[in-house]
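# Fold and contact review
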Amino acid sequence: MKQELERIYRALASGELSQQDAMLRIATLRRKGGEALATLLASPQWEAVVAPDGAGEDASERLVLLRGFGPKDAEALSSRLAPATCQVLEGEGYEALALGVFEALRGLMRARPQSPARLQLVATGDEAEWLIGLAGMFETARLENPAVAAQLVLVSAGGDGAALARGLRAEWGGSSDVAVRLDGSARQARRWRVIDEAPAAPDALRQGGVYLIAGGLGGLGRLFAREILSRGADVAVVLAGRSEPEQALLAELQALGRVEYARADISNPAETDALVADILARHGRLDGVIHSSGLLRDEFILKKTADSFRAVLAPKVAGCRNLDRATRALPLDFFVLFSSIASWAGNLGQADYAAANGFLEQFAVYRNRLAAVGERSGRTAAIAWPHWLDGGMHVDAADMDALRRRTGMGSLRAEEGIQAWRRCLSQPQGALMAMHGDPAAMRKALEPRENAAQPMAKTLAATAEPADLAARTRDFLRRVFAGALKLPPERIEGRAALEKYGIDSILAMNVTGELEKPSAPWPRRCSSSTGPWTNWPTISCRRKNRPC
């Protein structure tokens, strides 16, 4: 540990590492020295589970989006689900459907429900399983506003309408599962499970191979370029990106072997076709593809725009489709898509990023099916990665500490990540997640959580006068914000706009956690009953004579 610490301090002194990155590396190193850490692989599967009885139903607002139903079936189901609001989800293609669901979620949040609100996306038909990719967006919505719950329900075509309505009503108040299947009386829930036996595969890289890495000058792209180049001088790597390359980074890789950079926007079909055609013209072959492109535009659902949502989906969703179409006739050894754990756990401000990565996982399953009937070549895997310590993404130690408390996961070091990638290529599943950290805590995080719709606690409200309760609430909020912002409580002004103090994802996570603790002076679910706290104007938060 001492030698590693010395290397970190030298890198900090030379400017190679920021203070934030150095602190994260030191924290990771110390945890690794004191805990038995492990890298686990997990994959989603459908499990038969008992249907909820719906006894906890208490949502004040219910919005049901229907996809794949004919007009008559949709109308009949709507009448059976009254007083819920039912709407047909319009649009063609994953991007349009995801945006439609996002806008419905945003509408629920902007309505600032006074008690829990629920959105159900009920889908049938061939495209229904693609919508599983929205699970991470639903988890993100729950993180941003625990009063709003969203769920995907897949149903069989032509089933009994009355039975379906009963099943959907049962889910309203008695289920925390984000994705379920209903088929008559049978119910399945989609859950991620650890793959206990996941040995490393034989080396997927071949001598003289030619490999394309989209997003190749990003942190992960450079790491995998080095891994591929270590296989020998005759291996070639083509890096692709939308922007002009940073010459210093490119030169560093070119010193290791045959590396080329091609400027191309893979969300553009013509540019992707030209990219692959040029590789074949110059090298005569292409043996593997790694898609690591991505875009982040973090913003809470309440404030996120449709244009921003589309922009984040484009490199992942359109880029994946275009790469597959351009290489569909090639004898690839592998087609690997880099996803994120946001597709499983969600992440504050990243509803669009979670939906984009969720698509990759469904696409991997789809492409493996095509390969099984000879319509594609090579192993397809979408790997949901946690934070890589050496991956170029800057995350502060507090963010990682919050993730560790929630999931047991920490940062993945380069050697551990490369080993996980090899193990992933040995698995038959298309959608995979690499988890690194405390194995017991990570396994626990995969278990279904208790239903968030808890009975209303009335003890405090019954014993306290309204004025006293309001004063205690303001005092509690002042202390919570002071702790999160590391300011004396007296510096937090009750009627000052919260935006003046600055809001970021880690502050949001910390404050939300405090508001949901049993010691808070309100029922747990009431912490968000006026809408997400990030939309409160002030701590006093009086709006039209209604205190928070």
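It should be noted that the structure appears before, not after, this text.
Residues numbered from 1 in each chain as written. Predicted model: local features only at pLDDT ≥ 70, side-chain atom pairs only at ≥ 80, totals over all residues. Heavy atoms only, no water.

### Some details on the overall build of the protein chain
- Across its full length, the protein chain holds 18 helices and 14 strands.
- Sorting the 548 residues of the protein chain into buried and exposed places 53% on the buried side.
- Looking at the protein chain alone, contacts between residues at least 24 apart form 76% of all its contacts between residues at least 6 apart.
- Surface exposure of the protein chain reaches about 23800 Å², of which carbon and sulfur atoms provide 50%. (Helix = DSSP H or I, 4+ residues; strand = E, 2+ residues; numbered from the N terminus. Buried < 20%, exposed > 50% of the residue type's maximum accessible area, 1.4 Å probe, protein only. Contact = heavy atoms within 4.5 Å. Areas by Shrake-Rupley, 256 points an atom, 1.4 Å probe, with all protein chains shown as cover.)

### Quick word on the side chain of Asp352
- Tracing the sequence through the fold places Asp352 in helix α12 (residues 351–372).
- Setting aside its immediate chain neighbours within four residues, Asp352 contacts Arg297, Lys304, Ser308, Phe309, Val312 and Leu313.

### Some points on the packing of helix α9 (residues 269–283) against helix α10 (residues 306–327)
- Two elements in contact, α9 and α10, have axes separated by 9 Å at closest approach and are oriented at 40°. Here α9 is positioned oblique relative to α10, judged by the angle of their axes. In terms of crossing hand, the pair formed by α9 and α10 is right-handed. Of the residues in α10, those in contact with Pro269, Thr272, Asp273 and Val276 of α9 are Asn322, Leu323, Arg325, Ala326 and Thr327.
- Class assignment for the residues of the contact of α9 with α10 results in four nonpolar, three polar and two charged. (Axes fitted to C-alpha atoms, helices over the stretch in contact; angles between N-to-C directions. Parallel < 35°, antiparallel > 145°, perpendicular 65-115°, else oblique. Left-handed = near helix turned anticlockwise from the far one by under 90°. Nonpolar A, V, L, I, M, F, W, Y, C, P; charged D, E, K, R; others polar.)

### Let's talk about the nonpolar core
- Within the largest apolar cluster, 65 residues are counted, with the highest numbers of intra-cluster contacts made by Leu119, Leu121, Leu134, Met137 and Phe138.
- With ten residues, helix α4 (residues 94–110) is the largest single contributor of residues to this core.
- Contacts of Met137, omitting those with residues within four sequence positions, involve Ala98, Val101, Phe102, Leu105, Phe309, Ala351, Ala354 and Ala355.
- Tyr211, Leu217, Ile228 and Leu425 belong to the second-largest nonpolar core, a separate cluster that totals 36 residues. (Core = buried A, V, L, I, M, F, W, Y, C linked by side-chain atoms within 4.5 Å.)

### With respect to the pattern of salt bridges
- Counted according to the given criterion, the structure contains 28 salt bridges.
- When the shortest N-O distance is used, the salt bridge between Arg191 and Glu47 registers 3.8 Å. Taken as a pair, Arg191 in strand β7 (residues 186–194) and Glu47 in strand β1 (residues 38–48) lie far apart in primary sequence, 144 residues in all.
- The exposure class of Glu47 is buried, given its relative accessible area of 17%.
- Measuring nitrogen to oxygen at the nearest pair gives 2.7 Å for the salt bridge that ties Arg263 to Glu244. Remark: Glu244 occurs in the loop between β9 (236–241) and α8 (247–254) and Arg263 occurs in strand β10 (residues 258–263); sequence separation between them is 19 residues. Like Arg263, the residue Glu244 is exposed in the burial classification.
- One salt-bridge network, in which partners are shared between bridges, spans Glu47, Glu171, Asp177, Arg187, Arg191, Arg193 and Glu447. (Salt bridge = Lys/Arg side-chain N within 4 Å of Asp/Glu carboxyl O.)

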